[in-house]
Amino acid sequence: QVQLVESGGGLVQAGGSLRLSCAASGSGYGNNAMGWHRQAPGRQRELVAAIRDGGSPIYVGSVKGRFTISRDNFKNTVSLEMSNLKPDDTAVYYCAATRANGSNWAWVYWGQGTQVTVSS
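Counting restarts for each chain: residues are numbered from 1 in the order of the written sequence. The predicted origin of the model limits local features to residues at a pLDDT of at least 70 and limits the giving and counting of side-chain atom pairs to 80 or more, whereas totals for whole chains, interfaces and linings rest on all residues. Side-chain calculation: all heavy atoms of the structure are included, whereas hydrogens and water are not.

(A) Summary view of the overall build of the chain. Labels follow the DSSP assignment, with helices taken as runs of H or I lasting at least four residues and strands as runs of E lasting at least two, numbered in each case from the N terminus. Counting its secondary structure elements, the chain contains 0 helices and 11 strands. Each principal axis of the C-alpha atoms in the chain carries an extent, and together these give about 40 × 25 × 25 Å. Working definition: with a 1.4 Å probe on protein chains only, accessible area under 20% of the residue-type maximum means buried, over 50% means exposed, and in between means partly exposed. A buried classification covers 40% of the 120 residues belonging to the chain. Using the Shrake-Rupley algorithm and a 1.4 Å probe, accessible areas are obtained, with residue cover drawn only from the displayed protein chains. By element, 48% of the accessible surface of the chain is carried by carbon and sulfur atoms, the whole surface being about 6200 Å².

Okay, here's the thing in structure tokens:
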């Protein structure tokens, strides 16, 4: 099992920045791929950014160039630095993990989510 706890959400004005953090724990945590997803009201949950252990980060859609995902394997944390935030970035952001030693992007473990609200 893997437990994921997010922190760092909040309210920010358009153009501002926020940093989200996710602390991972549990016997199933090791070289899991980690990712950040988000879900806005009335929309499906979508992948924002992901990173494999020792791999290059990937970004999806409009966040490219504005968001940066990183992981610290000593602290068992994964972070999402968000800059130049836009009202369309408003959503609940979820940290997620695949199974350890997995070769695909199947997201098995999820955090409880943290709200990010960007005002115009």
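(B) Broad picture of the environment of serine 27. Relative to the elements of secondary structure, serine 27 occurs in the loop between strand 3 (18–25) and strand 4 (34–39). Serine 27 sits 25 residues away from arginine 52 along the chain, and the two C-alpha atoms are 18 Å apart.

(C) Structural context of the nonpolar core. Counting residues in hydrophobic clusters, the biggest one holds 28 residues, and the most contacted among them are Leu4, Met34, Trp36, Leu80, Met82 and Tyr93. When contributions to this core are tallied by element, the ones reaching two or more residues are strand 3, strand 4, strand 5 (46–51), strand 7 (67–72), strand 8 (77–82), strand 9 (91–97) and strand 11 (114–119). Working rule for contacts: check all heavy atoms of both residues, and any pair within 4.5 Å makes them a contact. Sequence-distant contacts of tyrosine 93, defined by excluding residues within four places in its chain, comprise Glu6, Leu20, Trp36, His37, Arg38, Val48, Phe67, Leu80, Met82, Gly113, Thr114 and Val116. Take the buried residues of types Ala, Val, Leu, Ile, Met, Phe, Trp, Tyr and Cys, join any two whose side-chain atoms come within 4.5 Å, and each joined set is a nonpolar core.

(D) Spatial organisation of the sheet that holds strand 1 (residues 3–7). Here a strand pair is declared whenever DSSP counts at least two bridges between the two strands. Taken together, 4 strands build an open sheet; the order of strands is 1-3-8-7 and the sheet is antiparallel. The open sheet is flanked by strand 1 and strand 7, the only strands paired with a single partner. Direction aside, neighbouring strands of the sheet carry axes that sit 15 degrees apart on average. Two elements, strand 3 and strand 8, share 6 bridges in a ladder whose sense is antiparallel. Its bridge partner being in strand 8, arginine 19 is matched across the sheet by glutamate 81. The angle between two axes is taken between their N-to-C directions and runs from 0 to 180 degrees, where each axis is a line fitted to C-alpha atoms and a helix contributes only its stretch in contact.

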